[in-house]
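Inside the fold
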Amino acid sequence: MGNILEETKFIMKKYNIKANKKLGQNFLISEEVVKTIVNSSEISKEDLVIEIGPGLGTLTKYLLEQAGKVICIELDNKMINILKDRFAVYDNFEIINEDVLKVDLKNMIKIQKEQGKIKKAKIVANLPYYITTPIIMKLLEEELELESITVMIQKEVADRLIAIPGEKNTGAITYSVYYYAISEGIIEVPNNSFIPEPEVTSKVIKLNIRKEPGVDPKSKEKMFEVIKNAFMQKRKTLLNSLTNNKIFENKQQGTEILKTLGLNENVRPEELTLEQFAKISDNL
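Some details on the packing of aromatic side chains
Taken as a whole, this structure holds eight aromatic pairs when the rule is applied. Aromatic side chains tyrosine 179 and phenylalanine 224 sit 5.3 Å apart centroid to centroid with 85° between the ring planes, which places their arrangement in the edge-to-face category. Of this pair, tyrosine 179 sits in helix α8 (residues 172-180) while phenylalanine 224 sits in helix α9 (residues 220-230), placing them 45 residues apart in sequence. A residue is classified by how much of its surface remains accessible, and phenylalanine 224, at 18% relative accessible area, is buried. Measuring from ring centre to ring centre gives 6.3 Å for tyrosine 180 and phenylalanine 224, while their planes differ by 15°; the resulting arrangement is stacked. Separated by 44 residues along the polypeptide, tyrosine 180 in helix α8 and phenylalanine 224 in helix α9 bring together distant segments of the chain.

What follows is the structure, given as structure tokens:
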């Protein structure tokens, strides 16, 4: 761990940098974790890697060695100057000073592939924790031409994202991730792997994007609307949630639909599989 820690301290001192709490900055100082992220993302010279929130460039350095091209998307101007200085000699490095939620990633990937050197695109990032979910949903919902998403996020969120629908950590987002990707947990990361230390444990996860979605509902939008409404009132049964939120016209309609699927009317949203939600939305 020595040299990443020393390097990080050196850069922070040189540029007079302190981690920006508002931007959720915690600088990774564990060599083992960095190498695990890079290895598990299985990068080759034919890959475009998009790194979100590179910060001081700890991970970027390793990505540049392995990838055909690395595009970093960084919001913090202070970091932009450091990254430009640090990686000036690399010809496969590009940086975009923008909020990732506003970037047209689809077009970016298309342009890189058209230039001919890049065959696949992958996301690798140590994501800012306060905005993890919107970023991951953007990456999935825009149906980008991605191979995989390897990210480090808060453990609690990670466990919900990679649960199999119907398991104990299931939340509304679990179904979305499962629809678009086959996911796996890679490594848990203790808070002493960062400076400053965050208050939470982190976890690296990998989402391998499916070639075909997990299920084939008549309307994907309808299915996700049903799921979202089912989880709005976590303590309630599925029947009550969907009736209260006007997805079912009334309890009778709801009871009949559940019965045709062989589901008990006391069933809770988190006990359903994605297939069962698809069938409910098809019935509606």
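Let's pick the thread back up.
Focus: unusual backbone geometry
Of note, the bond from isoleucine 195 into proline 196 is cis; its omega dihedral lies within 30 degrees of zero at -15°. Relative to the helices and strands, proline 196 is located in the loop between β8 (194-195) and β9 (202-209). One non-glycine residue, glutamate 42, lies in positive phi territory at about 45°. Its location among the elements puts glutamate 42 in the loop between α2 (31-40) and β2 (47-52). In this structure, glutamate 143 is a non-glycine residue whose phi angle is positive, near 45°. Mapped onto the fold, glutamate 143 is located in the loop between α6 (132-141) and β6 (148-154).

Things to note about the sheet that holds strand β5 (residues 120-126)
Taking strand neighbours across the sheet as the criterion, the seven strands line up as β4-β3-β2-β5-β6-β9-β7 in an open arrangement whose pairing is mixed. Edge positions in the sheet fall to β4 (93-97) and β7 (181-189), since each has one partner strand and no second. For this sheet, the mean inter-axis angle between neighbouring strands, taken without regard to orientation, is 20°. The pairing of β2 with strand β3 (residues 69-74) spans five bridges and is parallel. Note on β3: the bridge partner recorded for isoleucine 52 is isoleucine 73. Here α2 sits on the sheet and contacts β5, β6, β7 and β9; the angle it forms with β7, its principal contact strand, is near 165°. Contacts from α8 reach β7 and β9, with the element oriented near 115° to β7.

How each quantity is defined
- Residues numbered from 1 in each chain as written.
- Predicted model: local features only at pLDDT ≥ 70, side-chain atom pairs only at ≥ 80, totals over all residues.
- Heavy atoms only, no water.
- Phe/Tyr/Trp six-rings, centres within 6.5 Å; stacked < 30°, edge-to-face > 60°.
- Helix = DSSP H or I, 4+ residues; strand = E, 2+ residues; numbered from the N terminus.
- Buried < 20%, exposed > 50% of the residue type's maximum accessible area, 1.4 Å probe, protein only.
- Pairing = 2+ DSSP bridges.
- Axes fitted to C-alpha atoms, helices over the stretch in contact; angles between N-to-C directions.
- Contact = heavy atoms within 4.5 Å.

Interpretation in functional terms is not warranted from these geometric data alone.
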